Amino acid sequence: MNPGRLAALTSLAVLASCFTACSSSVDVSFNLINPCQEDLFGTMGCQLIEVEVSALDPADPLYPGREVEGLGPLRGTCDIGDGQCSISDEELVGDGRVVDVRCYLSLETEAVARATSSALKFESGGGGAGGKTLNLLFGNVNGFVDTTVLDPGDDLGTCSKLGITRNQGRFGHTATLLDDGRVLIAGGVIRLGQGVTVYLDTAEIYDPLTGQHSVLLDSSGDAAKMTASRAFHTATRLRDGRVLIAGGVGRIDDVATALRSAEIFDPTRDIFVPSGDADSLSTPTDMGAPRAHHCATLLATGEALLTGGAVYTTGSLSTYLNTAKLFNPDSNAWSDVTANMSTARAFHQAVLLDPATTQGKVLVVGGENADGTLDSIDIYNPNDKGFFAGVNVSMSRARSRFCATRLQNGEVLVAGGTTTAGDFTPDSSVEIFSLMLEGKPYGGFKPDVINLEVGRMDHSCNLLETGNVVVAGGRLAGGVATSVGELVLIGSNTYTVSRLSDSLDPPRFQHTATQLESGWILLAGGLPNSDPNTMGEMQSQLFVPRPR
């Protein structure tokens, strides 16, 4: 048996049968692959397997949540000893299908492990999955697993890592989910030792279907290059699938300098497009002013909003920005906002509020500037293309280098960070912003503040399909990374914290955390400690969330 393959679960078959629209059935089979260096199930055990097939398109009969219409995902259950589960239904055939395989001690208990596919086309021919056997990575629920090679061959079941050409990971990079389910990992910093750092102009691709990291190559087979080496930039997937890469820090005349350039990644050709490219929509390379450590937010209009940031002088942070820029993907043009933020800020967060109830406003919160950390917020008004004046809303404490995410109810969770710029003392508090607080025209933060078990900064937080939030990694006092992950459990106006029993290994901060089509979270790169000679982490990990 191949290394890493589950002994008790060698294959699962999903049979998609067409009765009216097709002349033959479509058979798709899956092997379940152990994650490298991982002990599955722990003490829980696994007796039953459930297979669910759902769709990504809300209009599709298999889309989750349509059970009240007598529709929704299709499911089949079998005993683990059978080694095979089958589902047969004509509704299985179609595009954008996601297969979720769940392992239970009994159906009255929570799932202990699961494997989830990327989006698949359940059809024969034309790139469909019909007639194929695909490998899926199996992992413990609410645990972290190493990214693992899923391609058939000698490397099946081995660990898949970043840093293929440089033999080390990166930090200060971006990781962006593409329309085809792959992840673009672009730019960042690597260290060569003795205080020497290199800003990268290369990119890597993580493909969940194969489980592999690979260097992004151009048509000549060489490493595809961005137009500039950059780190601490932003990368925003636009509605047409292109990725806008803007600003950041590069090295000019051997001095760390904030960049005023921007560029486009074109996923149809896997290249970075400079201005003036005749074969693709392009973007002016000059934003008009340099900025790094800023935020970029995709607006409900399809525009990208860049807020705040900082400028470097002689290699050090010098000037903080209260300005913002708009990128229009239709005209590929930059423009200034009509009214700037109330204060300059960098290392902040910017979150698109619920477009259905807020007309697409953006919350810009916290950060730091030359006067220290900030407790203030600004709110962007898309109708006027500027920021409201006189908002006067504050968090319970100032914070920068924290995380923020919009919850399913439209509120915004902010967590951790540092409350004092420069000393890097981490904070553990969690606050909730609501635009709908009575008597407050610009909303406010709820009075109840909860705390993480572990204070942290430069960490990540991601909203899960269950509505809860996973908080992972981060820097502790003393400059070392934490391996502790926590769940913020979101109830009906209640918020509690639960520490995960599994650990992020290796621990890291200044990493990226990208939600895949499967709902799993890819954690890539980052640093284990603040020693200036420490190299970035190569081993990426996946967080395996509980099924919805």
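Refer to the structure above for everything that follows.
Before going into details, it helps to say that this report is about the structure given with it.

Parameters at a glance
Residues numbered from 1 in each chain as written. Predicted model: local features only at pLDDT ≥ 70, side-chain atom pairs only at ≥ 80, totals over all residues. Heavy atoms only, no water. Pairing = 2+ DSSP bridges. Helix = DSSP H or I, 4+ residues; strand = E, 2+ residues; numbered from the N terminus. Axes fitted to C-alpha atoms, helices over the stretch in contact; angles between N-to-C directions. Salt bridge = Lys/Arg side-chain N within 4 Å of Asp/Glu carboxyl O.

Okay, the sheet that holds strand 44 (residues 512–515) next. If you trace the 4 strands from one edge of the open sheet to the other, you get 10-46-45-44, paired in antiparallel fashion. Either end of the sheet is taken by a strand with one partner, and the two such strands are strand 10 (143–146) and strand 44. Each neighbouring strand pair of the sheet contributes to a mean axis angle of 25°, computed without reference to strand direction. With 4 bridges connecting them, strand 44 and strand 45 (residues 521–524) associate as antiparallel partners. Looking at the pairing, Ala513 lines up with Leu523 of strand 45.

Should their charged atoms come close, side chains of opposite charge can pair. Taken as a whole and judged by the stated rule, the model has 29 salt bridges. Two residues, Glu52 and Arg75, come together in a salt bridge whose shortest N-O distance is 2.8 Å. In this pair, Glu52 sits in strand 3 (residues 48–55) while Arg75 sits in strand 4 (residues 74–79), placing the two residues 23 residues apart along the sequence. Across the pair Arg237 and Asp179 runs a salt bridge, and its minimum N-O distance is 3.4 Å. Taken together, the positions of Arg237 in strand 17 (residues 234–237) and Asp179 in the loop between strand 11 (174–177) and strand 12 (183–186) put the pair 58 residues apart, joining distant regions of the chain. Ionic contacts of the salt-bridge type, sharing partners, join the residues Glu50, Glu52, Arg75, Asp100, Arg102, Arg114, Glu465 and Arg548 into one network.

Once that is clear, we can look at the sheet that holds strand 34 (residues 386–387). Ordered by their spatial adjacency, 4 strands build an open sheet running 29-30-33-34, and the pairing between neighbours is antiparallel. At either end of the open sheet lies a strand with only one pairing partner, and these are strand 29 (349–352) and strand 34. Strand direction decides the pairing type here: strand 30 (residues 362–365) and strand 33 (residues 377–381), joined by 4 bridges, are antiparallel. Bridging across to strand 33, Val362 finds its partner in Tyr380.

Our focus in this paragraph is the pairing of strand 35 (residues 403–406). The pairing of strand 35 with strand 36 (residues 412–415) spans 4 bridges and is classified as antiparallel. Across the sheet, Ala404 pairs through a bridge with Val414, a residue of strand 36. Connecting strand 35 to the next strand, strand 36, in antiparallel fashion are 5 residues, including Gly410 with a positive phi near 95°.

From the geometry alone we can't say anything about function, so treat these as descriptive.
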